[in-house]
Amino acid sequence: MTLLARPPGEGRVFGPGLTAKLEYGQSPDFAVFESELPPEWDGPPPHVHRIYDEAFYVLAGSVLFTSDGISRECPAGSFVFVPRGSAHGFANPAATAARFLVVTTPRAIQLVEGAEQLAHQDGPIDMAAVQALFSSHDSELLGPPPA
């Protein structure tokens, strides 16, 4: 593979506010995507990835990260590393949107993409399907989805 340079705003959109910058398959070691968190968003349920590390760089706004029972407000410019096996979640309690860049192991982007597809189907979220998806990625939801 040669140098990959994406101009601002470029990448594959795979859900509301989600843009892949480095796809799974383009690197054997990591994938990168940008995520925009809407204002006053409770975030995903607490969860754990047993085989994926995740790193977050806050680009705009402020994001509330929680990991293993510790919460920290992280403004733009903050870097957060969540090692595999750590229970974690994130939210945007602010009245304005926030954005972060996620650097993770390649298959994790497939997990996020699959979860987005399940979350945006017609009707109520099929939690059994979501749990099965997480299980297929050696991950687990630790709580119910936010109200």
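Scroll up a little and you will see the structure.
Along each chain, numbering runs from 1 in the same order as the chain's sequence is written. Restriction of local features to residues with pLDDT of at least 70 applies here, the model being predicted, together with a cutoff of 80 or more for giving and counting side-chain atom pairs; totals for whole chains, interfaces and linings are based on all residues. Computation of side-chain values covers all heavy atoms of the structure but excludes hydrogens and water.

Novice: Tell me about the overall build of the protein, and name the residues and values.
Specialist: Counting its secondary structure elements, the protein contains two helices and 11 strands. Mapped in sequence order, the helices and strands of the protein form the string β-β-β-β-β-β-β-β-β-β-α-α-β. Against the 2.2 N^0.38 benchmark of 15 Å for 147 residues, the protein shows a C-alpha radius of gyration of 15 Å, consistent with a compact globule. Buried positions account for 39% of the 147 residues belonging to the protein. In this description, contact between two residues means that some pair of their heavy atoms is separated by no more than 4.5 Å. Residue pairs in contact within the protein that sit at least 24 positions apart in sequence constitute 66% of those at least 6 positions apart. Comment: elements are numbered from the N terminus, with helices defined as DSSP H or I runs of at least four residues and strands as E runs of at least two. We take the radius of gyration over the C-alpha atoms and set the globule estimate at 2.2 Å times the residue count to the 0.38 power. When accessible area is computed with a 1.4 Å probe and restricted to protein chains, residues below 20% of their type maximum are described as buried, those above 50% as exposed, and intermediate ones as partly exposed.

Novice: Can you break down the side chain of His-137 residue by residue, with the values?
Specialist: Along the chain, His-137 turns up in the loop between helix H2 (127–136) and strand E11 (139–141). At a separation of 3.4 Å, a polar atom in the side chain of His-137 contacts the side chain of Arg-107. The residues touching His-137, leaving out its near neighbours within four places in the chain, are Ile-51, Tyr-52, Arg-107, Gln-110 and Leu-111. Whenever a nitrogen or oxygen atom comes within 3.5 Å of another N or O atom, the pair is scored as a polar contact, on the condition that within protein one atom can donate a hydrogen and the other can accept it, and that pairs from neighbouring residues in sequence are kept only if both atoms are in side chains.

Novice: I'd like to hear about the pattern of salt bridges, residue by residue, with values.
Specialist: A pair can form between side chains of opposite charge whenever their charged atoms are brought close. Here, a salt bridge means any Lys or Arg side-chain nitrogen found within 4 Å of an Asp or Glu carboxyl oxygen. Under the defined criterion, the tally for this structure stands at seven salt bridges. In this structure, the salt-bridge partner of Arg-6 is Glu-10, at a minimum N-O distance of 3.5 Å. Owing to a relative accessible area of 35%, Glu-10 belongs among the partly exposed residues under this scheme. Across the pair Glu-140 and Arg-50 runs a salt bridge whose closest N-O atoms are separated by 2.5 Å. Of this pair, Glu-140 sits in strand E11 while Arg-50 is found in the loop between strand E4 (47–49) and strand E5 (54–60), placing the two residues 90 residues apart along the sequence. Residue Arg-50 is classed as partly exposed on the basis of its relative accessible area, which comes to 39%. Residues joined in a network through salt bridges with shared partners are Arg-12, Glu-23 and Glu-113.

Novice: Summarise the pairing of strand E7 (residues 70–75); cite the residues concerned and give the values.
Specialist: Relative to E7, strand E6 (residues 62–67) runs antiparallel, the two sharing six bridges. Bridging from a neighbouring strand, Leu-64 pairs with Glu-73 of E7. Note on pairing: two strands pair once DSSP finds at least 2 bridges between them.

Novice: Can you explain the nonpolar core? Please cite residues and give values.
Specialist: One finds Phe-56, Val-63, Phe-65, Phe-90 and Phe-100 to be the most contacted residues of the largest nonpolar core, which totals 18 residues. Elements with a minimum of two residues in this core: strand E2 (18–22), strand E3 (31–37), E5, E6, strand E8 (79–82) and strand E10 (98–104). Among residues more than four places away in sequence, those in contact with Val-63 are Leu-37, Val-58, Arg-72, Glu-73, Cys-74, Phe-90, Ala-91, Ala-98 and Phe-100. Residue types Ala, Val, Leu, Ile, Met, Phe, Trp, Tyr and Cys, when buried and joined through side-chain atoms within 4.5 Å, form a set referred to as a nonpolar core. One finds Leu-111, Val-130, Leu-133 and Leu-141 within the second-largest nonpolar core, a separate group that totals eight residues.

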